[in-house]
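For reference, the chains in residue letters:
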Amino acid sequence: MELATRDALTGLLHRAELFRVLQERLDRSEGTVAVLFIDLDHFGVINDSLSHLAGDETLRSIGQRIRDLLPPQGMAARLGGDEFVVLLDADLAAARIFAERLFADLVRPLRGGAIEGLHVSGSGGLAIGICGLAAADVIHQSDLAMYHAKRSGRARVQVHDRAIAGARRREQQIVVDMVRALARRSTELSVRFQPLHRILDGRMV
């Protein structure tokens, strides 16, 4: 039964089981459930420069570090690729403390074989769920916060808030408006070119 709910590489929960467990916790929770979304920074470089076997070993090592730091009621999953999710029965303050401890631990040099001495960092997004919310929505919020952390310099944790949600809605609306305008071949979109001139002789370059 365990094999059916676990990621074969890391032994953590797999994607489907993560969603099931989170929804179950949200449905019965009398408090809050914290979701920490973790994406390793520049992980593709490891695969490209050291091999996919080294990449797999890195994922196993990171998965073990996450597992070692989990509190008694915590759960961890590998969502796919180099993405991990941690579930905590905790409020925002406690979840932030855990995230800080975890991210401090992640940057310790890795040990063993081709990954000996390798340094890996991650970007994280933190969202808080309450009873009545859908698991997919809370994970999506933590994912958005993680991308904001990457845009803000990586190797940090960002808490999902209204500003992030509003920015995402604006981005989505711009995409929708552009697609509709292109489909209608309307005059809503126009192109303006600004020439660049060389200072020395005024020649357009």
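Cut-offs applied
Residues numbered from 1 in each chain as written. Predicted model: local features only at pLDDT ≥ 70, side-chain atom pairs only at ≥ 80, totals over all residues. Heavy atoms only, no water. Helix = DSSP H or I, 4+ residues; strand = E, 2+ residues; numbered from the N terminus. Rg over C-alpha atoms; globule rule 2.2 N^0.38 Å. Core = buried A, V, L, I, M, F, W, Y, C linked by side-chain atoms within 4.5 Å. Buried < 20%, exposed > 50% of the residue type's maximum accessible area, 1.4 Å probe, protein only. Contact = heavy atoms within 4.5 Å. 1 Å grid on protein atoms, 1.4 Å probe; cavity = no way out; pocket = protein on both sides within 12 Å on 5 of 7 lines; lining within 4 Å. Points joined across faces, edges and corners; volume = space filled by probe spheres on them. Pairing = 2+ DSSP bridges. Axes fitted to C-alpha atoms, helices over the stretch in contact; angles between N-to-C directions. Right-handed = clockwise from strand over helix to strand, strands pointing away. Salt bridge = Lys/Arg side-chain N within 4 Å of Asp/Glu carboxyl O.

Draft legend 1. Inspection of the overall build of the protein chain at higher detail. Across its full length, the protein chain holds 6 helices and 5 strands. Sequence-ordered secondary structure for the protein chain, helices as α and strands as β, is α-β-α-α-β-β-α-β-α-β-α. Here the C-alpha atoms of the protein chain give a radius of gyration of 21 Å, more than 25% beyond the 17 Å that 2.2 N^0.38 yields for 205 residues. Along the three orthogonal principal directions, the C-alpha set of the protein chain runs to about 70 × 45 × 30 Å.

Draft legend 2. Broad picture of the nonpolar core. Formed by 29 residues in total, the largest nonpolar core has its most connected members in Leu36, Ile38, Ile66, Phe84, Val86 and Leu102. Of all the secondary structure elements, the ones that give two or more residues to this core are β1 (32-40), α2 (43-50), α3 (52-69), β3 (83-88) and α4 (92-106). Per-element accounting of this core gives the leading share, 6 residues, to α4. Apart from the residues within four sequence positions on either side, leucine 36 is in contact with Phe84, Val85, Val86, Phe98, Ala99, Leu102, Phe103, Gly125, Leu126 and Val157.

Draft legend 3. How the structure looks around the side chain of serine 61. By the element assignment, serine 61 lies in helix α3. Not counting chain neighbours up to four residues away, the residues in contact with serine 61 comprise Leu110 and Ile115.

Draft legend 4. Looking closely at the layout of surface pockets. Taken as a whole, the largest pocket encloses approximately 190 Å³ of empty space. Looking at the largest pocket, the residues that line it are His140, Leu144, Tyr147, His148, Arg151, Ile164, Ala167, Arg168 and Glu171. Within the residue set of the lining of the largest pocket, elements represented by two or more residues are α5 (135-151) and α6 (162-184).

Draft legend 5. A look at the sheet that holds strand β2 (residues 75-80). Pairing in this open sheet of 5 strands is mixed, and the strands run β2-β3-β1-β4-β5 from one edge to the other. Strands with a single pairing partner mark the edges of an open sheet, and in this sheet they are β2 and β5 (157-159). In this sheet, adjacent strand axes meet at a mean angle of 20° when their direction is disregarded. When strand β4 (residues 122-130) meets β5, the two strands line up parallel, connected through 3 bridges. Paired with leucine 126 across the bridge in β5 is valine 159. In this fold helix α1 (residues 15-28) packs onto β1, β2, β3 and β4, with an angle of close to 135° to the strand it touches most, β2.

Draft legend 6. Quick look at the pairing of β4. Of all 9 residues in β4, 7 are buried, a share of seventy percent or more. Direction of pairing for β1 relative to β4: antiparallel, over a ladder of 9 bridges. Looking at the pairing, valine 35 lines up with alanine 127 of β4. Handedness of the crossover joining β4 and β5 through α5 is recorded here as left-handed.

Draft legend 7. Just the pattern of salt bridges, in detail. Across all of its chains, the model carries 12 salt bridges by this definition. In this structure, arginine 78 engages aspartate 7 in a salt bridge whose closest nitrogen and oxygen atoms are separated by 3.1 Å. Of the two residues, arginine 78 sits in strand β2 while aspartate 7 sits in the segment before α1, which places them 71 residues apart along the sequence. Across the pair, exposure class does not vary: arginine 78 and aspartate 7 are buried alike. With a shortest N-O distance of 2.7 Å, arginine 20 and glutamate 17 are connected by a salt bridge. Taken together, the residues arginine 20 and glutamate 17, both in helix α1 and 3 residues apart, mark about one turn of the helix. Taking the relative accessible area as the measure of exposure, glutamate 17 reaches 12% and is therefore buried. Three or more residues joined by partner-sharing salt bridges are found here, namely Asp39, Asp41, Lys150 and Arg154.

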